[in-house]
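# A closer look at the structure
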Amino acid sequence: MPAAPLLSTGLVRLAARPATKEAAIREACQMLIAAGHIEPGYAESMLRREGVANTFLGHGVSIPHGMIEDRGLIRSNGLAILQVPAGVEWNPGQTTRFVVAIAAQSDAHIDVLRRLTRLLQDEPALERLIATSDAAEIVAALDGSATAPAAPAAPAVDLGERFDWVVDYPNGLHARPAAHWVDTARRCVARLQVRAGDLVADPKNLVSLLQLGLKAGDRVVVSAEGPDAAAGLAALRAAIVGLTPQEKADAAKAAERAAAPVAGWTPPKPLPVVVGLAAAPGLVVGRIHVLRPGAVEVPDVPVSLAEGGVILEDAITATRQQLAVLADDTGRRLGASEAGIFKAQAEFLSDTDLVTLACQLMVEGHGPAWSWDRAVDRMASSLAALGNPLLAARAADLRDVGRRVLTRLEPSLTGTTLADLPDEPVILVAADLSPSDTAGLDTTRVLGLATAQGGPTSHTAILARTLGLPAMVAGGEALLDLVNGTRVVLDGRAGRLWLEPDDAAIASAEAHLAEERRKRERSEAERALPAETRDGHRIEIAANVNSPDQVAMAVGQGAEGVGLMRTEFLFLERGATPSEDEQFEVYSAMLEALDGRPLIVRALDIGGDKQVAHLALPREENPFLGVRGARLLLRRPDLMEPQLRALYRAAKSGRPLSIMFPMISSLQEVLALKAVCDRVRAEVDGPVVRLGIMVEVPSAAILADVLAPHVDFFSIGTNDLTQYALAIDRQHPDLAAEADSLHPAVLRLIRATVEGARKHDRWVGVCGGIAGDPFGAALLAGLGVDELSMTPRDIPAVKARLRDADFAALEALALEALTLDTADRVRRLEKDRS
């Protein structure tokens, strides 16, 4: 029996009138069921897909399809078309008039989707299909057949000079390698062409190349003609082949990361999942609220074509310059490969098809902002519809670049807000959150956080742990496409957001939560006990807090003092710089709340990812390597000296207070800061207090033995130390997974600090993220660290881990970790000993 056709007039329903999106999907599925393409259950799979992804392409076209794991319900490949001239609401603000329901076990439907994406750029043709009363016209437009005899299209012809190539990039041709092709091709005078089967692309045009949808194993012919054809072809070949080793290495690294065992909850059967990075532990079941950019209505303000062209050109030029700065900054910090992200984005601004489409819309009488927005939407929808997840990500890049230009064309467009959270507690999904946004979250309305950007050691992640909110970061743009109200399971320990759990999955998650609760209760029952190993070695355990009202909870969790008071939040949480008296009141309240327990206050640490508008600090292209920490304090006595006066006044109470300075990189800074402290102390007649420094840059760790005679203690900030030692921005979404504080290089710097301190009988604490990880705490104790300061909620588990160990075994564990070459191998030591 011959296979059923992919598309036929029997699978087209004209003038349909579904009342809802669900009705439209079920009507289309009934046609596919009747034609023998799918089992009845596939309709439910399509509806589940709508809960986790937006299948609306734009311009009145939607492509509903089922979940990948339900392909077993597909008997054969098929498409069903629902023509809905009156329209049906697909999602709020999105009206569909042309539904293409897809049942595909393979990529047989890709050609139809390619034709559909071209129709999205040809509105008159699309309007004809939406209005036609002839089903054959729709079939002909989508399957490439002719409704009347016509001469066959001429096959694509290669140019004079040529070479064949089989795509050996594991992830196919995505934006970064394609941008390199384009950059090379544009240096050539010759005409160049890339052919894949019957499809032809201009390698000087990024969108044209990406629309080929090249995957690993595809065969292409690259050809050239013209004055420098041979040289141009050789240069392009060298560029194409030269990228192969890096593409393979990147793919291997990604595969290794994906295959790595993940601690945490696992659903009883596979569920759709968004994978990110663990930021704050905890498991929570709930519905999501996506914090999207505010609804944007781009004004259509027509101007003359000449004026519109100048306005658009200026906006594109300014955006290109902005991207060049970003690329240069990223290249200096992270390397040329990562800078390629922004170079690839900039290529979209040189895409002739995109600019031409915007100009065509201006010719039709529309304004430059409106025309640009529509052109970007059409081109991005075209890329997203090719069925390739990498190209869908490039569509997101195009939209991002488009938004950059759009805000220059129309600066009044709105942003995002945290003001409109639902009354029911939700899991908040956002592109990213600032530290002040996170600190201000109402934990009665927010169950957890999942962000598309950020890193696990960002201050946002740290604050999430402080608030006790499970959090995942670096989930990618796919997070922002999720539908509000989707039920999920967020596992902050594993960095996973599991979508649409069924009853069995929810029951499993709740059982996991119950077991974790029992373990936590056992630890908390003994949290007041000291962290003393079985062979009698004691480690001090302190808490990281921001304000006096957090002290009671920290002490209740077993904190023996405060190892880090972050005073920057006094500045971040208000619209003006706090006065000396206001600061004095806060520090005095902290000492009183601690009731004789020690307090270590970090002097103002502003810069990097913590900016304060009312301080009017100069903008820096690279603030992490600029004027921050001690450098800022020494340059701004108007900020440092009132704080020191307030601290020395508070110390007159006789309660134990220590001051430590952030971001120390040299002995000269230490001496200068001590001189200021001596002068201020004399001015207020304050007592002598212990002065310490943060070890956050490699130079301070390496010079620990030089610095130790001049300070009373060291406190290692492992988050920044990791960032600077590994040259990785700890908030970079692509690199954050590699910014692991258990990297042997970081552990060696910690060991060097301990050894330098020991020469002068100074103690060493750690107040970075790994201090609150039970395995990390075990390693730090073995390295000789005296004190660990962490988020209060982490204290019971860390104490329990240390009490259950022998110090000699911890020393042996640390020594073994120092001999390893990767953070992954260090982390494997935990599994090997469990």
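Before reading on, note that the structure itself is shown above.
## Remarks on the overall build of the chain
- Scanning the chain from terminus to terminus reveals 31 helices and 26 strands.
- Taking all 834 residues of the chain together, the buried fraction comes to 52%.
- Residue pairs in contact within the chain that sit at least 24 positions apart in sequence constitute 71% of those at least 6 positions apart.

## Let's talk about the sheet that holds strand β16 (residues 487-491)
- The eight strands are arranged β10-β17-β16-β12-β13-β14-β15-β11 in an open sheet whose pairing can be described as mixed. Since the sheet does not close on itself, it has two edges, and those belong to β10 (273-275) and β11 (277-280), each with one partner. Strand-to-strand twist in this sheet, taken as the mean axis angle between neighbours without regard to direction, amounts to 30 degrees.
- In the sheet, β11 pairs with strand β15 (residues 471-473) via three bridges, with the strands oriented antiparallel. Within the sheet, the bridge partner assigned to Ala280 lies in β15 and is Ala471.
- Contacting β12 (283-291) and β16, helix α17 (residues 503-525) crosses the sheet at an angle of about 120 degrees to β12.

## Looking at the pairing of strand β19 (residues 538-545)
- Counted residue by residue, β19 has six buried out of eight residues, so it is predominantly covered.
- As defined by bridge partners, strand β18 (residues 531-532) adjoins β19 across two bridges and the pair is classed as antiparallel. When the sheet's bridge partners are listed, Ala531 is paired in β19 with Ile539.
- The hairpin turn running from β18 into β19, its antiparallel successor, is five residues long, and Gly536 in that turn takes a positive phi close to 95 degrees.

## Considerations on the pairing of strand β9 (residues 219-225)
- With five of its seven residues buried, β9 lies for the most part within the structure.
- Bridge count between strand β7 (residues 191-196) and β9: five bridges; the pairing is antiparallel. What sits directly across from Arg195, in β9, is Val221.

## Brief notes about the packing of aromatic side chains
- Under the defined criterion, the tally for this structure stands at five aromatic pairs.
- Judged by centre distance (5.2 Å) and plane angle (65 degrees), the rings of Trp165 and Tyr169 are edge-to-face.
- Judged by its relative accessible area of 0%, Tyr169 falls in the buried class.
- Measuring from centroid to centroid gives 5.1 Å for Phe713 and Trp763, while their planes differ by 5 degrees, and the two rings are stacked. One end of the pair, Phe713, is in strand β24 (residues 713-716); the other, Trp763, is in strand β25 (residues 763-766), and 50 residues separate them in sequence. Like Trp763, Phe713 is buried.

## Considering helix α4 (residues 123-131)
- All of the buried residues along α4 are Ala125, Leu126, Leu129 and Ile130. Burial along α4 is one-sided: seen end-on, the buried residues are contained in an arc of 140 degrees. Along α4, exposed side chains directed more than 90 degrees from the buried face belong to Pro124 and Ala131.

## Some remarks on the environment of Ser653
- With respect to the helices, strands and loops of the structure, Ser653 is situated in the loop between α22 (637-651) and β22 (657-661).
- Exposure remark for Ser653: the relative accessible area of 40% places this residue in the partly exposed category.
- Ser653 sits 62 residues away from Leu591 along the chain, and the two C-alpha atoms are 8.5 Å apart.
- Among the polar contacts made by the side chain of Ser653, one reaches the main-chain carbonyl oxygen of Ala650 at a distance of 3.1 Å.

Rules behind the numbers
- Residues numbered from 1 in each chain as written.
- Predicted model: local features only at pLDDT ≥ 70, side-chain atom pairs only at ≥ 80, totals over all residues.
- Heavy atoms only, no water.
- Helix = DSSP H or I, 4+ residues; strand = E, 2+ residues; numbered from the N terminus.
- Buried < 20%, exposed > 50% of the residue type's maximum accessible area, 1.4 Å probe, protein only.
- Contact = heavy atoms within 4.5 Å.
- Pairing = 2+ DSSP bridges.
- Axes fitted to C-alpha atoms, helices over the stretch in contact; angles between N-to-C directions.
- Phe/Tyr/Trp six-rings, centres within 6.5 Å; stacked < 30°, edge-to-face > 60°.
- Arc of directions from axis to C-beta.
- Polar contact = N/O pair within 3.5 Å; in protein donor to acceptor, adjacent residues only side chain to side chain.

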